[in-house]
Amino acid sequence: MKTLFALPPTPVIPVVGREAGFPVRRVFCVGRNYAEHAREMGRDPDREPPFFFTKWAETVMPGGGEITYPRQTKNYHFELEMVVAIDGAGQDLDEEAAARIVFGYAVGLDMTRRDLQAAAKDLARPWDFAKNVEQSAPVGAITPAAEMDPFERAAMELKVNGATRQRGDIADMIWPVAPMLSILSRFYRLEPGDLVMTGTPAGVGAVVPGDVIEATIAGLTPLTVTITQPSSPDGA
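The following paragraphs examine the structure supplied in this document. Position numbers for residues start from 1 in each chain and track the written sequence from start to end. The predicted origin of the model limits local features to residues at a pLDDT of at least 70 and limits the giving and counting of side-chain atom pairs to 80 or more, whereas totals for whole chains, interfaces and linings rest on all residues. The side-chain numbers reported here are obtained from all heavy atoms of the structure, hydrogens and water having been left aside.

1. Some thoughts on the layout of surface pockets
In this approach a probe as big as a water molecule rolls over the atoms, and the regions it shows empty are the leftover space. Condition: Residues are said to line a cavity or pocket when one of their atoms sits within 4 Å of a point; the points come from a 1 Å grid over protein atoms alone, cavities being sets where a 1.4 Å probe fits but cannot get out and pockets being open sets with protein on both sides within 12 Å along at least five of seven lines. Grid points are joined across faces, edges and corners, and a volume is the space filled by probe spheres set on the points. By the criteria applied, helices consist of DSSP H or I runs no shorter than four residues and strands consist of E runs no shorter than two, each listed in order from the N terminus. Each residue is assigned to one class: nonpolar for Ala, Val, Leu, Ile, Met, Phe, Trp, Tyr, Cys and Pro, charged for Asp, Glu, Lys and Arg, and polar for all the others, Gly among them.
In this model, the largest pocket occupies a volume close to 310 Å³. Tyr105, Phe151, Glu152, Val177 and Ala178 are the residues nearest the centre of the largest pocket, which is lined by 16 residues in total. Of all the elements in the fold, those that place two or more residues in the lining of the largest pocket are strand E9 (102-109) and helix H5 (177-184). Residues of the lining of the largest pocket, tallied by class, amount to 14 nonpolar, no polar and two charged. In this structure, the second largest pocket occupies an estimated 200 Å³ of space. If you go around the second largest pocket, the residues you meet are Leu116, Gln117, Ala119, Ala120, Leu123, Arg125, Pro126, Trp127, Asp128, Phe129 and Ala130. Contributions of two or more residues to the lining of the second largest pocket are made by helix H3 (114-122) and helix H4 (128-131). No other element matches H3, which puts four residues into the lining of the second largest pocket. For the lining of the second largest pocket, the residue count by class is eight nonpolar, one polar and two charged.

2. Concerning the environment of valine 60
The condition is simple: Between buried and exposed lies partly exposed: a residue is buried under 20% and exposed over 50% of the maximum accessible area for its type, with that area taken using a 1.4 Å probe on protein chains only. Every residue pair with non-hydrogen atoms within 4.5 Å of one another is taken to be in contact.
For valine 60, the location among the structural elements is in strand E5 (residues 60-62). The class of valine 60 is buried, set by a relative accessible area of 4%. Along the primary structure valine 60 and threonine 10 are separated by 50 residues, whereas in three dimensions their C-alpha atoms are 9.4 Å apart. Aside from chain neighbours lying at most four places away, what touches valine 60 is Pro11, Ile13, Val24, Val27, Ala137, Val139 and Leu195.

3. What about a nonpolar patch on the surface?
To keep things clear, this is the line we draw: Patch building starts from residues that exceed 30% relative accessible area and form no salt bridge, then joins like charges within 9 Å and nonpolar side chains (Val, Leu, Ile, Met, Phe, Trp, Tyr) within 5 Å. Under the convention used here, a 1.4 Å probe and the Shrake-Rupley method define accessible areas, while residue burial counts only the protein chains that appear. Salt bridge criterion: a side-chain nitrogen from Lys or Arg within 4 Å of a carboxyl oxygen from Asp or Glu.
On the surface, a nonpolar cluster with roughly 440 Å² of combined accessible area is contributed by Leu4, Phe5 and Leu7. Residue placement: phenylalanine 5 occurs in the segment before strand E1 (12-13). Residue class for phenylalanine 5 comes out exposed when judged on its relative accessible area of 58%.

4. Section: the packing of aromatic side chains
Stated precisely, the cut-off is as follows: In summary, the pairing rule links any two rings of Phe, Tyr or Trp, Trp by its six-membered ring, whose centres are within 6.5 Å, and it sorts them by plane angle into stacked for under 30 degrees, edge-to-face for over 60 and tilted for everything else.
Scanning the model with the defined rule gives six aromatic pairs in all. Ring centres of phenylalanine 22 and phenylalanine 103 lie 5.8 Å apart, and the angle between their planes is 20°; on these two criteria the pair is classed as stacked. Residue phenylalanine 22 is located in strand E2 (residues 22-23), and its partner phenylalanine 103 is located in strand E9; the two are separated by 81 residues in the primary sequence. Phenylalanine 103 carries the same exposure label as phenylalanine 22, and that label is buried. Between the aromatic rings of phenylalanine 53 and tryptophan 127, the centroid separation amounts to 5.6 Å while the plane-to-plane angle is 55°, which identifies the pairing as tilted. With phenylalanine 53 in strand E4 (residues 51-55) and tryptophan 127 in the loop between H3 and H4, this pair connects stretches of sequence that are 74 residues apart. Look at tryptophan 127 and you get buried, because its relative accessible area is 18%. By way of ring pairs, the aromatic residues Phe51, Phe53 and Trp127 are connected into one cluster.

5. Remarks on the nonpolar core
Rule in force here: The definition of a nonpolar core used throughout is a set of buried Ala, Val, Leu, Ile, Met, Phe, Trp, Tyr and Cys residues joined through side-chain atoms within 4.5 Å.
Counting 43 residues, the largest nonpolar core has Ile213 and Ile217 as the members making the most contacts within it. Those residues in contact with isoleucine 217 that lie beyond four places of it in its chain are Leu80, Glu81, Met82, Ala106, Val107, Phe151, Ala154, Ala155, Met156 and Ile170. Core analysis: the second largest hydrophobic core is formed by 20 residues, Phe22, Val27, Val83 and Ala85 among them.

6. Let's talk about the sheet that holds strand E10 (residues 112-113)
For clarity, the threshold we go by: DSSP-based pairing: two strands are paired if at least 2 bridges between them are found.
Strand order across the open sheet formed by three strands is E10-E7-E16, with antiparallel pairing between neighbours. At either end of the open sheet lies a strand with only one pairing partner, and these are E10 and strand E16 (205-207). Where strand E7 (residues 76-78) lies against E10, two bridges are found, and the strand directions are antiparallel. Across the sheet, residue histidine 77 finds its bridge partner in E10, namely threonine 112.

Take a look at the structure:
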């Protein structure tokens, strides 16, 4: 059947050691999954179950590179995250079954219009304008889980223009990968091509055009992003 217009291509993330890439279906994100970050956002991490929000697949920037400072913000924040890539399917999964559908892991950034997020929180509105932003999900090359040692500890670091801004370890996650995916699968049937961004450690902060972000998680391919000028001088 002919179509009226062409849809944008599906983002495809490189996979370490393989010619074929990982096509992205959906992007799920877990909020406040590191205790110190939850506290810096004014929340009590000991009292909250995990919660999730989504980004369009089109927000994914495979391999990083240049991303444009977005419109309608004066406070664009970085959030370093470990990304889980899914290659199986299932709903209402127990933790063992959830672990089996993990294809691999990557370094990612959940870029956020923090001023819009703060305004949404104040009005008890959704976070879409803050989180679901074009080019706001750079993701590095995926390392297949089958080719890694058990991945329960890994140092995380994010630098802006060479200066360290975030440090942490994936072992500090309040909800590790298997229980997180198990809970998410109660609300959505997880499918091949899904990505799950697993939260960020403390130290989030703003960037401006010209800044270079270097994100690393031990054992994974590093991710580098350069922030470029907005579409108008004032970003509006």
